[in-house]
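Coordinates in review
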Amino acid sequence: MIVVMANHATAEQIQDVESRIQDWGYGVHPIYGSERTVIGAVGVPEADKARYMESLEALPYVEQVIGILRPYKFASRDYKPEDTVIDVNGIPIGGNQIAIMAGPCTVETYEQTWESAKACRDAGATILRGGAYKPSTSPYSFQGLGVEGLKILRDIANKLEMQVITEVMDVRNVELVSQYADILQIGTRNMQNYDLLREAGKSRTAVMLKRGMSAKIEEWLQAAEYILLGGNTNVMLCERGIRTFETYTRNTLDLSAVPALKELTHLPVIVDPSQGTGKRSLVLALTKAAVAVGADGLIIEVHPHPEQALKDGAQSLTCEHFVQLMKELRPVAEAVGRSL
Ligand code: PEP
Ligand code: MN
């Protein structure tokens, strides 16, 4: 870390900061300027850094303390330069092939989930999505079928030879959901639920961590670090749109986050154009754009009868739309050296 002294700092105050750093056991590399002194501190272990930085920053004669290393280690590319490829029962996520996750927003009935899943599978999706536990802004709207929904997903996925991704919202349900799911989805509203992240870190089931709707990329990567720190290395990230001043779309899908993440982390990156836009008519174009900017996978909502959907009907594609999407996506994937 680098300590920038205030410009009125006296020689004694500079000495005081140097002694504190040395007492903690770290090397001191000062640059004494005519206006201002800057002190480099080297060898500070990750676990102690935040505390020491705060302690120095609390001194009135310190202007600023700057961390040099990124505040996440296991998620960073510096730590692991090569891309992580997660193996979900034979389906690679993060390699050359783009992972297609598709299905209804919410498991409503067996028939509705079956119709959606069958159409998605036939069009080329390998992973079935669907919420059994639904995070709802309104306590009056449908909250999901719970365990019954998990059973429906598992049964249909087995019959269609698909993998299951579904959301877990509660720290008490991580083990239960893992019994039915191949990938645990942690939703935007829970990105900073640190108990849930820690619990997912204890699991060995793959986790898709969605971006908090107001989260900066650095906060998102620190959330991923919680899971990685627990020893679960099967973590992928999902950009699903963030809150901005724009209200025409449900969220603003931040596609710049995809190449940015590729620079910062080795973890696979998925894009959700359904929550990202909230509008069916925009999903296809953003799906293509996501693949063009380097996404490793897509998660798309498909409903056999969107007008009857209990949730997110306006952003759900019909089964026919999804077939068309896969057809139009293929040449885009090929153009950037990927396959579907
Ligand atoms: C969803 O995938 O249906 C969902 C609720 O996602 P998010 O957490 O991104 O809103
Ligand atoms: Mn949804």
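Residues numbered from 1 in each chain as written. Chains lettered and ligands numbered in written order. Predicted model: local features only at pLDDT ≥ 70, side-chain atom pairs only at ≥ 80, totals over all residues. Heavy atoms only, no water.

Looking at the site of ligand 1
Close to ligand 1 lie Cys 105, Arg 129, Lys 134, Pro 135, Gln 185, Gly 187, Thr 188, Arg 189, Lys 210, Arg 240, Gln 275 and Glu 301. Here an oxygen atom of ligand 1 and a side-chain polar atom of Glu 301 are 3.2 Å apart. For ligand 1, whose free accessible area comes to 300 Å², the fraction covered by protein is 98%. Taken together, the residues that form the shell around ligand 1 break down as two nonpolar, four polar and six charged. (Near = heavy atom within 4 Å. Polar contact = N/O pair within 3.5 Å; in protein donor to acceptor, adjacent residues only side chain to side chain. Areas by Shrake-Rupley, 256 points an atom, 1.4 Å probe, with all protein chains shown as cover. Nonpolar A, V, L, I, M, F, W, Y, C, P; charged D, E, K, R; others polar.)

Looking at the coordination of the manganese ion (ligand 2)
Protein ligation of the manganese ion (ligand 2) involves Cys 105 (SG), Glu 301 (OE) and Asp 312 (OD), the donor distances falling in the range 2.0 to 2.5 Å. Donor residues for the manganese ion (ligand 2), ordered by position in the chain, follow C-x195-E-x10-D. Highlighted residues: Cys 105 in the loop between strand E7 (99-103) and helix H3 (110-123) and Glu 301 in strand E14 (residues 297-301), separated in sequence by 196 residues. No difference in accessibility class separates Cys 105 from Glu 301, as the two residues are buried. (Donors = N, O, S within 2.8 Å, 3.2 Å for Na, K, Ca; no water. Helix = DSSP H or I, 4+ residues; strand = E, 2+ residues; numbered from the N terminus. Buried < 20%, exposed > 50% of the residue type's maximum accessible area, 1.4 Å probe, protein only.)

Notes on the pairing of E14
Counting buried residues in E14 gives five out of five residues, a clear majority hidden from the surface. Burial of E14 is two-sided: the residues Gly 297, Ile 299 and Glu 301 facing one way and the residues Leu 298 and Ile 300 facing the other way are all buried. Pairing of E7 with E14 involves five bridges; the strand directions are parallel. If you follow Ala 99 over to E14, its bridge partner there is Gly 297. As paired strands, strand E13 (residues 269-271) and E14 are joined by two bridges and run parallel to one another. Bridging from a neighbouring strand, Val 271 pairs with Leu 298 of E14. (Pairing = 2+ DSSP bridges.)

Considerations on a nonpolar patch on the surface
On the surface, Ile 66, Ile 68 and Leu 69 cluster together to form a nonpolar patch covering roughly 290 Å² of accessible area. Relative to the assigned elements, Leu 69 resides in the loop between strand E4 (62-66) and strand E5 (86-88). With relative accessibility at 58%, the residue Leu 69 sits in the exposed group. (Patch = residues over 30% accessible without salt bridge, like charges linked within 9 Å, V, L, I, M, F, W, Y side chains within 5 Å. Salt bridge = Lys/Arg side-chain N within 4 Å of Asp/Glu carboxyl O.)

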